[in-house]
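Given next are the chains, with one letter for each unit.
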Amino acid sequence: MIFDKSTPFKTQTSAIYEIASGAKLLKGFALDYEEKLILDTSMLMRQSKPRHMMTPRGFKMSVAMTSCGNLGWTSSNRGYVYHSYDPETSLPWPKMPDSFVTLARESAGICGFPDFIPDSCLINLYSIGAKMALHQDKDEKDMESPIVSVSLGIPAIFMFGGNSRKDKVRRILLEHGDIVVWGGSSRLNFHGIMPIQENSHGILGRSRINLTFRKVER
């Protein structure tokens, strides 16, 4: 793992590393929720199947995505937007499972955001070679709440920069059960995922699932 000037300290369930002001890595914190998270994620992906969306510039995303909660994030040639329904089915997005809400709130609370109540969760399915370019999460109306990102399955290299695309980018290994929380002065930091390398997980096989919790509405 690579941590630039990070300071580790211990809790009962995980090691916590500060990766920037307002941003922390919780190593292995989701492992206690592993079985329920995987079962609930599988159920959600059956209800609303992950799909490869198009960017406004006409590129097909390598990551397959779906959502749950009151709002779901979508991308098309018309831009990025949150909807209360799945555009592919015209049905409301699946309800966010209790296991998701509990883990997201506990993780945010540990990192100094005790009032976080997510109303949206993006479910990102990465296969070998999939990636996510550096970007900011700026489509939400609520910028006071943090982003909570949960990693399941095979490892990934997480890129975390600053508020400017030109800022130095840290590269951090994310493994099964790791959680990254960022908010405050880091809320609009650029971040992304490097191409997923060949690997296999005992439960999820050759795939990585990322659960990204947001508070969209104020």
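Presented here is a report on the structure given in the accompanying data block. What you see is a predicted model, and the numbers here were worked out from it, not measured in a lab.

## Things to note about the overall build of the protein chain
A tally of regular secondary structure across the protein chain gives 2 helices and 16 strands. In terms of C-alpha radius of gyration, the protein chain reaches 16 Å, essentially the compact-globule figure of 17 Å for 218 residues. If you line up the protein chain on its principal axes, its C-alpha atoms span 45 × 40 × 40 Å. When the accessible surface of the protein chain is summed, it comes to about 10,600 Å², and 53% of that surface belongs to carbon and sulfur atoms.

## A look at the packing of helix α1 (residues 34–47) against helix α2 (residues 98–110)
Between α1 and α2, the shortest axis-to-axis distance is 9 Å and the interhelical angle comes to 125°. Taken together, α1 and α2 sit at an angle that is classed as oblique. Considering how the two elements wind past one another, α1 and α2 form a crossing that is left-handed. Contacts from Lys36, Leu37, Asp40, Thr41 and Leu44 of α1 reach α2 at Ser99, Phe100 and Leu103. For the contact of α1 with α2, the per-class residue count stands at 4 nonpolar, 2 polar and 2 charged.

## Topic: the pattern of salt bridges
Taken as a whole and assessed by the stated rule, the structure comprises 9 salt bridges. With a closest N to O distance of 2.9 Å, glutamate 175 and lysine 27 form a salt bridge. Of this pair, glutamate 175 sits in the loop between β13 (170–174) and β14 (179–182) while lysine 27 sits in strand β3 (residues 23–27), and the two are 148 residues apart along the sequence. Here lysine 27 falls in the buried class, since its relative accessible area comes to 13%.

## Quick word on the side chain of aspartate 119
On the secondary structure map, aspartate 119 appears in the loop between α2 and β9 (120–127). As a buried residue without a salt bridge, aspartate 119 has its nearest oppositely charged side chain in lysine 215, at a separation of 4.1 Å. There is a polar contact of 2.7 Å between the side chain of aspartate 119 and the backbone nitrogen of valine 216. Non-local contacts of aspartate 119, meaning those with residues more than four positions away in its chain, are made with Gly69, Asn70, Leu71, Met96, Arg214, Lys215, Val216 and Glu217.

Rules behind the numbers
Residues numbered from 1 in each chain as written. Predicted model: local features only at pLDDT ≥ 70, side-chain atom pairs only at ≥ 80, totals over all residues. Heavy atoms only, no water. Helix = DSSP H or I, 4+ residues; strand = E, 2+ residues; numbered from the N terminus. Rg over C-alpha atoms; globule rule 2.2 N^0.38 Å. Areas by Shrake-Rupley, 256 points an atom, 1.4 Å probe, with all protein chains shown as cover. Axes fitted to C-alpha atoms, helices over the stretch in contact; angles between N-to-C directions. Parallel < 35°, antiparallel > 145°, perpendicular 65-115°, else oblique. Left-handed = near helix turned anticlockwise from the far one by under 90°. Contact = heavy atoms within 4.5 Å. Nonpolar A, V, L, I, M, F, W, Y, C, P; charged D, E, K, R; others polar. Salt bridge = Lys/Arg side-chain N within 4 Å of Asp/Glu carboxyl O. Buried < 20%, exposed > 50% of the residue type's maximum accessible area, 1.4 Å probe, protein only. Lys, Arg positive; Asp, Glu negative; His and termini not counted. Polar contact = N/O pair within 3.5 Å; in protein donor to acceptor, adjacent residues only side chain to side chain.

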